[in-house]
Amino acid sequence: WDDPLPPNLAEKWNEIQKDFKQLPEYQIRRYIQMEDTIELHAFSDASVKAYGSAVYVKSGNLVILIFAKARVAPAKQLSIP
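About the thresholds
- Residues numbered from 1 in each chain as written.
- Predicted model: local features only at pLDDT ≥ 70, side-chain atom pairs only at ≥ 80, totals over all residues.
- Heavy atoms only, no water.
- Pairing = 2+ DSSP bridges.
- Helix = DSSP H or I, 4+ residues; strand = E, 2+ residues; numbered from the N terminus.
- Axes fitted to C-alpha atoms, helices over the stretch in contact; angles between N-to-C directions.

Visitor: What is the right way to look at the sheet that holds strand β1 (residues 39-46) in this model?
Guide: In spatial order, the strands read β1-β2-β3; together these three strands make up an open sheet with antiparallel pairing. The sheet is open, and its two edges are formed by β1 and β3 (62-72), each paired on a single side. Ignoring which end each strand starts from, the neighbouring axes of this sheet average 10 degrees apart. The sheet contact formed by strand β2 (residues 50-59) and β3 spans ten bridges and is antiparallel. By the bridge assignment for β3, Ser59 is matched with Leu62.

Shape is all these values report; function is a separate question.
So this is what it looks like as C-alpha cells:
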C-alpha cells in the first residue's frame, strides 16, 4: 500500500490523470434535430453475470445513441424474468 508504483504502472497512471484533466473539454450533444419521422429503438439483455441496455433514435439515415447503461449483476442473486 505504501510502496511506490512500479515505473510501468506509474507511467500508465500519469497518462490516465492527463486524460481526466481533458474531460471538462469533452462535449456531449444534447439537442438532436431530426426529420419529421423518427423511430426509437431500445435493446436490452441480461444474464446472471451482467445486464445492459441501449436506446437509439433513428431519423432517415441518421442513427444516434441516446442512452446506454451496463452493470455487473448484484452479488445477491435475483431472478431474471
